[in-house]
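# Examining the three-dimensional arrangement
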Amino acid sequence: METKREEEIEDMAPSPPTMGSMQIAGSNGFGHSIDFMSQAYVRNRYSEIDIEEDCLAMNKDRPLPIFLKFEDVEYKVRNSKVSSANPVKAVVSKVASQFSSDQDNHKKILKGITGSVCPGEILALMGPSGSGKDNLVEDYRRKIEIGFVTQDDVLLPQLTVEETLVFAAFLRLPGNMSRQQKYARVEMIIKELGIERCRHSRIGGGFVKGISGGERKRTSIGYEILVDPSLLLLDEPTSGLDSTSANRLLQILQGLAKAGRTIITTIHQPSSRIFHMFDKLLLISEGYPVYYGKARESMEYFSCLRFIPEIAMNPAEFLLDLATGQVNDISVPEDLSAPQGVLDSEKAVIKYLHLKYKTQLEPKVKEENHQSKKVPEHLQLAIQVKRDWTLSWWEQFIILYKRTFRERCRDYFDKLRLVQALGVAVLLGLLWWKSETGTEAQLRDQVGLMFYICIFWTSSSIFGAVYVFPFEKIYLVKERKADMYRLSVYYVCSTLSDMLAHVFYPTFFMVIVYFMAGFKRTVPCFFFTLLVMLLIVITSQGVGELFGAASLSIKRAGMFASLILMLFLLTGGYYVQHIPKFMQWMKYLSFMFYGFRLLLKVQYDGDELYECESIGGCRPLQSSPSFDMVNLKGGLQEVWVLLAMALGYRVIAYFCLRRRINLCHL
């Protein structure tokens, strides 16, 4: 790995250094001291990254060794303010909060965590649910660019294993690497993780059948180690796996650690075999540390404290029982008082263990952490530079567009969608077979068909676009945090890729229904009608994207889309032509109003005669009640309005998406 590689660090608001410290020491890179403040949390620990200068000439092909040292780490979250239905209680609560201290308004999740982990080691964070081990992993993730494997595998289900890794490699690896080098990197990862057998299988997940849970987890790990991170964090990687898959996964992590990586993983209740694969163990109980040291020595430590299992027990099960204060089938020290009540007894055990940790283990750990060299100032400054994009906007667009199309093409060309478009087109064509405009009734029928076509494709386009961003939110947030691509690139790729389906199906539909229903059989009229229909569809797509981006919630996006669609349809100019003056402003916000008017202008000529067999004789079409609010000779200015709406909706949608995704980063 090149020594000029820059680590990305974001400088945040400082917190008091007396509150604790974290050191990340490496032997092949740069050093930098940072303070940080998470927007979602009140106060985090003072942080420092130290890298020794005398080891910069190490093997460039190996990952940058990271020595992670953390001391007195605390983590606080704001207590959620639950509004009371009783106004008196609400006022009292608000007044009381004004006088309460900062300590009272926040809950401590982590309480003085100290330890370290070196390259080549696996540190396991153990503790019962709610103990704070997951928050500690999340806290580390903010410090440097690292690999982070979440408990839920966030992978696009429609891509194969190989496609997932290849596209990630082309987006994440440096631009100065050739295509052959990136492909070679993917091949090496696939072989290293043992996923050759499933490389051409889809990831799957949800309703999509795919690879097994173990293979999916290994793919997630491969996704992260593509960039050769020095520090790899995993959140309960064995969750949901059988014992064989879990053992295989830990063997892979051991191999990754031996390559010079520092690995930290949370684990809930591993098997005995997996437990002994860990190099170090940090046991947390109610946010307090109760053990830190070598995993193999943990049983000996608690035996010295006179906590001895009375029956054969899995070491992990024994430790979790202690962390929860449950000492059934476990002998306890004589100096541990046994208060009345189960809850008091459990709290007494936890308090006793934490006290022993503070007196017997913590001083040794802190002494070891303080034995580090001071980093030269020029190396501290080197890491402060924020890394630029490795690829240009256009290069990211080419790669991401291919991935987006590959991932969604199965939905684009779904047989059910094709059958739906064909079936509705044939049904409408038969119902309006060779329709005419000779009488008022016939004209009204044909105008009704025109409006129904608008309804059908408007609703299809809006609901086809409104769920895109909510469904892909978790993937987008993950990849944006990794700085894989610009958000503008993602949005343009998503819009253009989806536009293919939004153009193909209406075109296929109009080719059938246009001639069956007896519309004007002229080439210009057909293509103008088709182009207007496509313009309405593209504008509808923009509306769907806007509400999907504004909410990023499947439930809320669908509700908003239904309400807006109903509003636009009612003000579209067919159901209600004579809208009251105080409500007329609504129709000018409806793209259906402009689209329907434009279709009528393209399809009908105001001077064309009809009702020639009636008593009153022939009349021009413009005199029909169906065209009371439309001037068929008024020009095509609605085209510009629809184009402006199609662009405007998308611009607003982009900024809404940007804001919502940025909020997810906090």
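Note that this is a predicted model, so its numbers are computed, not measured. (Residues numbered from 1 in each chain as written. Predicted model: local features only at pLDDT ≥ 70, side-chain atom pairs only at ≥ 80, totals over all residues. Heavy atoms only, no water.)

### As for the confidence of the model for the chain
For the chain, the mean per-residue pLDDT works out to 79, and 79% of the residues sit at or above 70. Of the regions scoring below 50 in pLDDT, residues 1-59 engages in 199 contacts with residues more than four places distant in sequence or in other chains. When the criterion is pLDDT under 50, residues 378-386 qualifies, and its contacts beyond four places in sequence or with other chains add up to 25 contacts. (pLDDT = per-residue confidence, 0-100. Contact = heavy atoms within 4.5 Å.)

### Here we look at the UniProt feature "transmembrane region" (unreviewed entry) in the chain
Under the present numbering, the feature "transmembrane region" (unreviewed entry) in UniProt falls on residues 418-435, 447-469, 489-516, 523-544, 556-576 and 639-657. Taken end to end, residues 418-435 is 78% helix and 0% strand, and its first and last C-alpha atoms sit 25 Å apart. Each end of residues 447-469 is marked by a C-alpha atom, and these two atoms are 35 Å apart; helix forms 91% of the span and strand 0%. (UniProt positions renumbered as here; feature names shortened; annotations may be inferred. Helix = DSSP H or I, 4+ residues; strand = E, 2+ residues; numbered from the N terminus.)

### A short note on the sheet that holds strand β6 (residues 122-126)
A sheet is described by the order of its strands in space; here six strands give the open sequence β7-β8-β9-β6-β10-β11, paired in mixed fashion. Only two strands of the sheet have a single neighbouring strand rather than two, namely β7 (147-149) and β11 (288-294). Averaged over all adjacent pairs, the angle separating strand axes in this sheet is 15 degrees, with direction ignored. Here strand β10 (residues 280-285) runs beside β11; their pairing, made up of six bridges, is antiparallel. Each bridged residue has a counterpart across the sheet, and for L281 the counterpart in β11 is G293. Each of β6 and β10 is contacted by helix α9 (residues 315-323), which is oriented at about 30 degrees to β10, the strand it contacts most. (Pairing = 2+ DSSP bridges. Axes fitted to C-alpha atoms, helices over the stretch in contact; angles between N-to-C directions.)

### Quick word on the environment of I284
Locating I284 in the fold gives a position in strand β10. According to the relative accessible area criterion, I284 is buried, its value standing at 0%. C-alpha of I284 to C-alpha of L319: the two residues are 35 residues apart in sequence and 9.9 Å apart in space. (Buried < 20%, exposed > 50% of the residue type's maximum accessible area, 1.4 Å probe, protein only.)

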